Amino acid sequence: MKDISNLVLGLKPALLMMVVQIAFAGVNVLYKLVVNDGMSLRVVIAYRFIFATCFIAPLALIVERKKRAKMSWLALFQSFLCGLFGGALAQNFYLEAVSLTSATFASAMANLIPAITFILAVSFGLERLNLRTRAGKAKILGTLTCIGGAMVLTFFKGVEINVGIVNLLHHPKGSQAHAGSGGKTALGALCALASGISYALWLIVQAKMSERYPSHYSSTALMSLWATLISVVFALCLEKDRSQWRLGWNIRLLTVAYSGIVVSGVMVAVISWCIHMRGPLFASVFSPLMLFFVALATCTMLNEKLHLGSILGAVLIVCGLYVVLWGKSKEMKKMNQLVPSQSPRDEESHILDIMVRSPAENKSNYNSNNDTHDNAANVAREIEFSSQNNGPDHQEQVTHN
C-alpha cells in the first residue's frame, strides 16, 4: 500500500500537467466558438484575466492567510514579469499570429516552446545539458521527439478518418482562407515566435519566483492582476467598438468564465506548483500534448476531419514525453541519493566544533570559579588525550570542517 501511495505521489506532477493541457485544449475549442459568434479576441483575453483575478485573489487570501510568504520588492517585480510575459504578451502575440496566418500555423509554432525553454533554462543555469549522462541525452532526445511529433500532427495529413459526432459550429462569420501574402505569413511567424519566447520566459521567471515566494495561489493572483491591467489597457487602445465588451448568457460568458477561472486561475496555480517541484522544462514539455487533445475535440465536436498524421504525431508526442520523464526521474533519483550522504559529515563537524570549544569554556570557568576546578581539569586532560591519539589527521579534519 505504501508503494502504491509513493507511486501516485511520484506521478502527481505528470498527471496534473496532462489535466492542464486538456483544460487548454478546451479553451481552444471555446475560442473557435466565440470567434464564430463575432467577439473580439483581445476583449476575451482582458475578460479572461479579470475573471481569473476575481477568482484566485480571494482563494489566495483564504488558503494562504497563515502561511503566506513575506512579499519583497523583487518578488513583486517578478510577479509583474510573469503577468507581462506569461499573461498579456503570450496570449496577445499568439492570437495576433492566428489572425495573420491560421490557427494551425500558430499551433505548430507554439510547439517550439519546449526547445526555447530548454535553451533559456540552460542559459540561466536551471537545467544542465549533461550530454555524457543517459538522463541528459534522454531529455534532449525526448524534447526533439515531442517537437517532431507535434509537427507531424500539424502538417502531415495522410488518410482521412471521419469520426465526427456533433458539429457545434453553425454559420461561421467571416471565415477566411488563411493563404495570406508572404509578408503577413512572415509577420505572423514572428508573432508566434514572440509568443513562444514570452511563454518560455514566464516559465523561467516563475521558477525563480517560486524560490523566493513559494505561495502559489498568491503568486498566481499577482500574476493575474498584472495581466489584467496590461490586457485591459491594450484592449481599450485597440478595440474601438464598445459593444464588444457586453456579455450575455451565451457562449461569450462561458468562454471568458472558463478561460479565466479554470485556465488562468486554477491551471496556472497547478503549473506554478509543478514548476516548483520539477522545474520549467518539465512543465513546458507537456505543451505538445495540447495539439493531440485539440485534434480529438475538434474532430468529434466541430466536425473536423481526423487524418493518419494526427495519430502518428500523437504517438511520437507520447513517446517523447516518456523519454523526457524518464530522464527527469533519473536526475531526481540521483539528487535524492546525494543529499543524505552529507548529513553524517555535518553532524561530525558540529561535534568536533563543540569539542574544540569546550576546553576554552572550561578554562574560563576554572578561572572564575574554583569549585569547577576538578571538572575543568578532567575535561582538559580528556581533550589532550584525544588529540594525542588522533594526531595530525584530527587537526586537519577540524580545519577542513
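Here the structure is shown first, and the text comes after it.
These numbers come from a predicted model, not from an experiment. (Residues numbered from 1 in each chain as written. Predicted model: local features only at pLDDT ≥ 70, side-chain atom pairs only at ≥ 80, totals over all residues. Heavy atoms only, no water.)

*Asks:* What should I look at first to understand the overall build of the protein in this one?
*Replies:* Regarding its fold elements, the protein presents 14 helices and two strands. When the 401 residues of the protein are sorted by exposure, 42% land in the buried category. Taking the intrachain contacts of the protein between residues at least 6 apart in sequence as the baseline, contacts between residues at least 24 apart amount to 89%. Split by element, the accessible area of the protein, about 21800 Å² in all, is 65% carbon and sulfur. (Helix = DSSP H or I, 4+ residues; strand = E, 2+ residues; numbered from the N terminus. Buried < 20%, exposed > 50% of the residue type's maximum accessible area, 1.4 Å probe, protein only. Contact = heavy atoms within 4.5 Å. Areas by Shrake-Rupley, 256 points an atom, 1.4 Å probe, with all protein chains shown as cover.)

*Asks:* Looking at this model, I keep getting lost on the side chain of S219. Mind explaining?
*Replies:* Of note, S219 is situated in helix α8 (residues 216-238). Apart from the residues within four sequence positions on either side, S219 is in contact with Q206, M209 and Y213.

*Asks:* Hey, could you run me through the nonpolar core in this one?
*Replies:* Within soluble globular proteins, side chains that are nonpolar tend to cluster in buried spots. Counting residues in hydrophobic clusters, the biggest one holds 67 residues, and the most contacted among them are F24, W202, I271 and F286. When near neighbours in sequence (up to four residues on either side) are disregarded, F24 contacts Y199, V263, M267, I271 and M290. (Core = buried A, V, L, I, M, F, W, Y, C linked by side-chain atoms within 4.5 Å.)

*Asks:* What's the story with the side chain of R252 in this structure? I'm lost.
*Replies:* Tracing the backbone shows R252 in helix α9 (residues 251-278). The exposure class of R252 is buried, given its relative accessible area of 13%. Setting aside residues no more than four positions away along its own chain, R252 makes contact with V34, D37, G38, M39, S243, Q244, R246 and L247.

*Asks:* Any chance you could explain a nonpolar patch on the surface here in plain terms?
*Replies:* A surface patch of nonpolar side chains, about 500 Å² in accessible area, is lined by F156, V159, L308, I311, L312 and V315. Looking at where I311 falls in the secondary structure, it is placed in helix α12 (residues 308-338). (Patch = residues over 30% accessible without salt bridge, like charges linked within 9 Å, V, L, I, M, F, W, Y side chains within 5 Å. Salt bridge = Lys/Arg side-chain N within 4 Å of Asp/Glu carboxyl O.)

*Asks:* When you look at the environment of S231 in this model, what are you seeing that I'm missing?
*Replies:* With respect to the helices and strands, the residue S231 is situated in helix α8. Sequence separation between S231 and V44 is 187 residues, and the spatial gap between their C-alpha atoms is 9.6 Å. Apart from residues lying up to four places away in sequence, S231 is in contact with I45, A46, F49, A88 and N92. In terms of polar contacts, S231 uses its side chain to reach the backbone carbonyl oxygen of A227, at 2.8 Å. (Polar contact = N/O pair within 3.5 Å; in protein donor to acceptor, adjacent residues only side chain to side chain.)

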